[in-house]
Structures are given as C-alpha cells and as structure tokens.
Amino acid sequence: MMAVAVRSKVKRRHAGGRIGYAPWPLLVYGMPWASVAIASLTPLLPIITSAPLVPPLALLMLIAWRQLRPGLLPIWAGLPLGMWNDLFSGQPLGCAILLFSLTMIALELIEMRLLWRGFLQEWIIASTIAIAYLALGAVIANPADLGAVMVLGPQVLLTLLAYPIVNRLVGILDRIRVLKLRRIA
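Along each chain, residue indices are assigned from 1 in the same order as the chain's sequence is written. Confidence filtering applies because this is a predicted model: local features only for residues at pLDDT of at least 70, side-chain atom pairs given and counted only at 80 or more, and all residues used for totals across whole chains, interfaces and linings. Excluded from the side-chain calculation are hydrogens and water; included are all heavy atoms of the structure.

Undergrad: What should I look at first to understand helix H3 (residues 57-68) in this one?
TA: Each full turn of the α-helix corresponds to 3.6 residues, which orients residues three or four apart in the same direction. For H3, built from 12 residues, the straight-helix expectation of 16 Å at 1.5 Å per residue is met to within 8% by its first-to-last C-alpha distance of 16 Å. Burial of H3 is extensive: 10 of the 12 residues sit out of reach of the surface. When H3 is considered as a whole, its buried residues turn out to be Ala58, Leu59, Leu60, Met61, Leu62, Ile63, Ala64, Trp65, Arg66 and Gln67. On its buried side, H3 packs onto helix H2 (25-39), helix H4 (78-89), helix H5 (95-113), helix H6 (119-141) and helix H7 (153-177). For helices the rule is a DSSP run of H or I covering at least 4 residues; for strands it is a run of E covering at least 2, with both sets numbered from the N terminus onward. Expected helix span is taken as 1.5 Å per residue step, with the number of steps being one fewer than the number of residues. Three labels apply to residues, based on accessible area from a 1.4 Å probe with only protein chains included: buried if under 20% of the type maximum, exposed if over 50%, partly exposed otherwise in between. Contact between two residues is taken to exist if any of their heavy atoms lie within 4.5 Å; hydrogens are not considered.

Undergrad: Would you mind showing me how to read the packing of H3 against H7 here?
TA: Pairs of packed helices are described in terms of their axes, by the angle between the two and the distance that separates them. Every axis corresponds to a line fitted to the C-alpha atoms, with the helix fit spanning only the stretch in contact, and the corresponding angles, defined between N-to-C directions, vary from 0 to 180 degrees. Running from N to C, H3 and H7 point in directions that differ by 55°, and their axes come no closer than 9 Å. Classified by the interaxial angle, the pair formed by H3 and H7 is oblique. Judged by the sense of rotation from one axis to the other, the crossing of H3 with H7 is right-handed. Mapping the contact onto sequence places Leu57, Leu60, Met61, Ile63, Ala64, Trp65, Gln67 and Leu68 in H3 and Thr159, Ala162, Tyr163, Val166, Asn167, Leu169, Val170, Gly171, Leu173, Asp174 and Arg177 in H7. Taken together, the residues that form the contact of H3 with H7 break down as 13 nonpolar, four polar and two charged. Any angle from 65 to 115 degrees is called roughly perpendicular, while one under 35 is roughly parallel, one over 145 is roughly antiparallel, and all others are oblique. By convention the crossing between two helices is left-handed if the near helix lies anticlockwise of the far one by an angle smaller than a right angle, and right-handed if it lies clockwise. The residue classification treats Ala, Val, Leu, Ile, Met, Phe, Trp, Tyr, Cys and Pro as nonpolar and Asp, Glu, Lys and Arg as charged. All others, Gly included, are polar.

Undergrad: Mind showing me how you'd approach the pattern of salt bridges here?
TA: Salt bridge, as used here: a side-chain nitrogen of Lys or Arg that lies within 4 Å of a carboxyl oxygen of Asp or Glu. Applying the stated criterion across every chain yields a total of five salt bridges. Between Glu108 and Arg66 there is a salt bridge, with its nearest N and O atoms 2.0 Å apart. With Glu108 in helix H5 and Arg66 in helix H3, this pair connects stretches of sequence that are 42 residues apart. By relative accessible area, which is 25% here, Glu108 ends up partly exposed. Three or more residues are tied together by salt bridges with common partners; here these are Arg69, Asp174 and Arg177.

Undergrad: Even after reading the chapter, I still don't get H6, so can you show me in this structure?
TA: Over its 23 residues, H6 extends 32 Å from the first C-alpha to the last, a length consistent with the 33 Å expected when each residue adds 1.5 Å. Listed in full, the buried residues belonging to H6 are Glu122, Ile125, Ala126, Ser127, Ile129, Ala130, Tyr133, Leu134, Gly137 and Ala138. Packed against the buried residues of H6 are H3, H4, H5 and H7.

Undergrad: Looking at this model, I keep getting lost on the side chain of Ser40. Mind explaining?
TA: Tracing the backbone through its elements, the reader meets Ser40 in the loop between H2 and H3. Identification of polar contacts relies on pairs of N or O atoms within 3.5 Å, with a donor-acceptor requirement for protein atoms, meaning one able to donate a hydrogen and the other able to accept it, and with residues adjacent in sequence counted only if both atoms are side-chain atoms. In this structure the side chain of Ser40 is engaged in a polar contact, spanning 3.5 Å, whose partner is the side chain of Asn85. What Ser40 contacts, discounting residues up to four positions off in sequence, is Ala58, Trp84, Asn85 and Phe88.

This is how it looks when you write it as structure tokens:
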C-alpha cells in the first residue's frame, strides 16, 4: 500500500516526463527570441512621463535568457534583436544594435571567466550592464546634452528592481519552452 502511494506522487510530480512525447522545436528555439521581441514593444505602452521611466525590458530579458541558458541565444543574436528593438525604442537606428551586441559579447566574456555564479552575482552583472546601456543610450541619443544622463535616476532604480521579476518570468518561460506537447510517432 505504501509503495502505491509513493508511485502515484512520483507520477504526479513528473507529469511532464511522458514517454512518447517531445517538446515542440518551435517553442524550444523560438521562445527566447519571441520573448525578447515582445519585450521590445514596451515603448508602445501608453505611459506618459516627463523623464524616462520604463526599464529596458528587452535588454533585461536578453540578459536573463543569456544567464539562464548560455548556449541558447548565439552571440550574434544582439544584432537582429537590437535591430528589432531600434524600430520601437525611439533611439537612433543602430543604438540598440550596438549596445545589444556589446551586451552579448560582455556576457560571453563573463561566462568564460566566471563558471559558477549565484543570483546576487548575476543581478550585479545585469545591473551593471543595464546602467551602462541606459547611460550610453542617453549619450548616443543626445550627445550635446550630457544632462540627459542625470535624469536617468528613476529609470535606473526601476531597472534594478525589475531584473528579479524578469528573471523569474524567464524561468517560467523556460519551463513552458521544454514542455513535452508533441507526440512522437
């Protein structure tokens, strides 16, 4: 009787490990690309402020995917994702292409140096990259006015607070990404 109860708990816990089923390749490889592309649409939200306030969610999503699954997004992914982000961000064309590509290169170098990391280290890495992204984006958008960097305080604070939420969302999307939904013949 005891063995039957244990087996039923194991079956319920591992319901995603069904024999004869596999994850959809479109979800496996497309989920990171689609989530970053959808996060790039946040500048279209009807938020009206006198200073920048919305965190760069596409960049945070890109960093979170790269830190969670390093081999899933190739190092050149910064180019197309940055180009897509430039279409909606309001920055000069090429700004996000450059900064997303530099982000991917920096994350690759960090990945080679630090083999074992905890969440606090990942948060510090993501925060450093996001602050540099915001500052460089402000300078590239308006090189004559360096005072534009001074008004980034609330946006930087919200970016630092948004990263754990984005990281958790990427973890949930990663679990959805590998669900075994397709029947193998």
